[in-house]
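# Architecture at a glance
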2 protein chains.
Amino acid sequence: MTGSKATPLRSAPQQPCEPIACAQCGVYRLCLPLGLLEVDLSLLESVVRRKVTYKRGQLIFRPGDRFDFIYAIRSGSVKTSVQTSDGRLQITGFHLAGELLGLSALDSRSYSCEARALETTSACMVEAERLEELAQKIPSIQYQMLRIMSGHIRRDEDLILLLGKRSAEERLAEYLLGLSRRFASRNYSPTQFRLSMSRGDIGNYLGIAEETVSRILSRFQNAGLVAIDRRQVRLIDLGQLEAMACINAA
Amino acid sequence: MTGSKATPLRSAPQQPCEPIACAQCGVYRLCLPLGLLEVDLSLLESVVRRKVTYKRGQLIFRPGDRFDFIYAIRSGSVKTSVQTSDGRLQITGFHLAGELLGLSALDSRSYSCEARALETTSACMVEAERLEELAQKIPSIQYQMLRIMSGHIRRDEDLILLLGKRSAEERLAEYLLGLSRRFASRNYSPTQFRLSMSRGDIGNYLGIAEETVSRILSRFQNAGLVAIDRRQVRLIDLGQLEAMACINAA
DNA sequence: CTGCCTAATTGATTCAGGTCAAAAGCAACA
DNA sequence: TGTTGCTTTTGACCTGAATCAATTAGGCAG
């Protein structure tokens, strides 16, 4: 659990209440404002309360906290996790710039999962109540919210499939390819990137042991599929990785 | 995979286009119309196209089908599943009366999972486009949709935790208790019910082998926690089951 | 009632991946 | 530049649950 010190570490994040301009934001086309007219956009901006910055390992929210904000990641990355009552923790998502956090709280008005920054991360806090009001007035915002939640459900289905039916090797291959795709859609290199998750976190997320992650990554490296130096990754044979993600080509 | 014949079996379901009255529906308070004013309710009813009936094993929709309808279960039960490209199938949900199917299609306009009736099942087909339009006009409908999707995400998180971190025994205990709670909220006995899923389906859903399901149920029975006769279940020691669902008390 | 089909149980054996243990790399910092 | 404290890698061994293989038990058509 990289950076997730046992202590909650909820020291107040930096809070420069600077105004937010979605149009200027680099991930605007992956986020809520996608497809909004300029008028609507400025209304949306009016419910974005402030930009906050979190340091590696810092808590953003945790289960039971009152649901006041949806968080939109501007830069950096965040892990979300849920826990059994006896303390075992399962990471449910690994979120990059442009993604929204806290959507599963809408139903019960309190967060159901914990969110923690994996590296220095900047986010917009969107006032949940006012966003909902706004969604009622502006169809395109409402549509965006529904789309985003629908997409979230779909990604959860993929993770469920992965956890339920795939071998450790397939899980890792799929994981690397998933990152690759997501970096690509953010205009980063799809073949060369830095992992912000530790081996432990990756294993936890994929439902396998940390040691297994290490072993399999080594195996991939020896097979010439990837080059890995600590957290720096280079994908060499995408095709082979894709084959492996489905039919465990061992 | 009970009842899921290899053949799609998409013979047209019975389609009496009878008008629907939500207020008359037994699961009205678990479904979309919850909390709507009478005026709004009749508007909602106007987008409910028809009631359909499916027989055990019959396909409701499958991945790639164009997304035209959200389905609301009136009675019976449905399983949803996703597949790897090499054909392994993972059941992602087991849905009872009052629940909505197809929400993960909203983003891409085509279903991402397959839905199949587990027994004779009756459902309302709600026109997706028109429901979205309506949600834009009627805040309470919109709110309901967001809530329902949020709840869906939350339940997916629970399944992810189960698949990622729990032992086979805990999974079964949790599964039985989950059913119990859901039957209770539908005014059925929480301690005595009939499983509409086969052992194979249950195992698939929980990420364990059919044989393991059988073995563990026998173990539960021997330990006096439950009484099981084929698909008929009686929960005897809820407390013990709850303890087991968390801390594998073996 | 009888035979057939599918679902469920139970036993024996195997294995993927977990757990435990130790060593090696790297980074931060006094 | 050595010390401290991670994170990662690697090895040895173990185990929970999968797989393989019968067997049993209902459900139902004729």
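Keep in mind that this is a model prediction, so the values were computed, not measured.

### Considering the sheet that holds strand β1 (residues 48–54) of chain A
Residues and elements named next belong to chain A. Across the sheet, four strands lie side by side as β1-β8-β3-β6; this open sheet has antiparallel pairing. Both outer strands of the open sheet, β1 and β6 (100–101), are each paired with one neighbouring strand and no more. Both β1 and strand β8 (residues 121–127) contribute to a ladder of six bridges, which runs antiparallel. Bridge assignment links Tyr54 to a residue of β8, and that residue is Thr121. Against the sheet, helix α2 (residues 128–137) touches β3 (69–75) and β8, its axis set at about 60 degrees to β8.

### What about the sheet that holds strand β10 (residues 226–229) of chain A?
Paired through their backbone hydrogen bonds, the strands of a sheet run either parallel or antiparallel. Residues and elements named next belong to chain A. In space, the three strands of this open sheet follow the order β9-β11-β10, with antiparallel pairing throughout. Looking at the sheet topology across the chains shown, the edges are occupied by β9 (192–194) and β10. Strand-to-strand, the axes of this sheet are offset by a mean angle of 15 degrees, without reference to chain direction. Inspection of the sheet shows β9 paired to strand β11 (residues 232–235) by three bridges, in the antiparallel sense. By the bridge assignment for β11, Arg194 is matched with Gln232. Along the sheet, helix α4 (residues 168–184) makes contact with β9, β10 and β11, crossing β9 at roughly 100 degrees.

### Details of the protein's contact with DNA strand D
Taken together, 17 residues form the shell around DNA strand D, and within it Arg199, Ser214 and Ser218 of chain A together with Thr212 and Arg215 of chain B come nearest. Here the atoms of DNA strand D within 4 Å of the protein split so that 61% fall in sugar or phosphate, with bases taking the remainder. Between a phosphate oxygen of DNA strand D and a side-chain N or O atom of Ser214 of chain A, the distance comes to 2.3 Å. Between a phosphate oxygen of DNA strand D and a main-chain N or O atom of Ala168 of chain B, the distance comes to 2.9 Å. Put simply, the parts of the chain that give the surface near DNA strand D at least two residues each are α6 (210–222) of chain A together with α6 (210–222) of chain B. Sort the elements by how many residues they give to the surface near DNA strand D and α6 of chain A lands first, with five residues. Looking at the surface near DNA strand D, its residues break down into three nonpolar, six polar and eight charged.

### Focus: the protein's contact with DNA strand C
In the vicinity of DNA strand C there are 16 residues, among which Ala168 and Thr212 of chain A together with Arg199, Ser214 and Ser218 of chain B approach most closely. Restricting the count to atoms of DNA strand C within 4 Å of the protein gives a sugar and phosphate share of 67%. A distance of 3.1 Å separates a base nitrogen of DNA strand C from a polar atom in the side chain of Glu211 of chain A. Between Arg231 of chain B and DNA strand C, the recorded distance is 3.1 Å, taken from a side-chain N or O atom to a phosphate oxygen.

### Looking at the side chain of Thr84 of chain A
By secondary structure assignment, the location of Thr84 of chain A is in the loop between β4 (77–83) and β5 (89–96). Assessed through its relative accessible area of 5%, Thr84 of chain A is described here as buried. Within polar-contact distance, the side chain of Thr84 of chain A engages the side chain of Asp86 of chain A at 2.5 Å. If we skip the residues at most four places from it in the chain, Thr84 of chain A touches Leu161 and Arg166 of chain B.

Rules of the game
Residues numbered from 1 in each chain as written. Chains lettered and ligands numbered in written order. Predicted model: local features only at pLDDT ≥ 70, side-chain atom pairs only at ≥ 80, totals over all residues. Heavy atoms only, no water. Pairing = 2+ DSSP bridges. Helix = DSSP H or I, 4+ residues; strand = E, 2+ residues; numbered from the N terminus. Contact = heavy atoms within 4.5 Å. Axes fitted to C-alpha atoms, helices over the stretch in contact; angles between N-to-C directions. Near = heavy atom within 4 Å. Polar contact = N/O pair within 3.5 Å; in protein donor to acceptor, adjacent residues only side chain to side chain. Nonpolar A, V, L, I, M, F, W, Y, C, P; charged D, E, K, R; others polar. Buried < 20%, exposed > 50% of the residue type's maximum accessible area, 1.4 Å probe, protein only.

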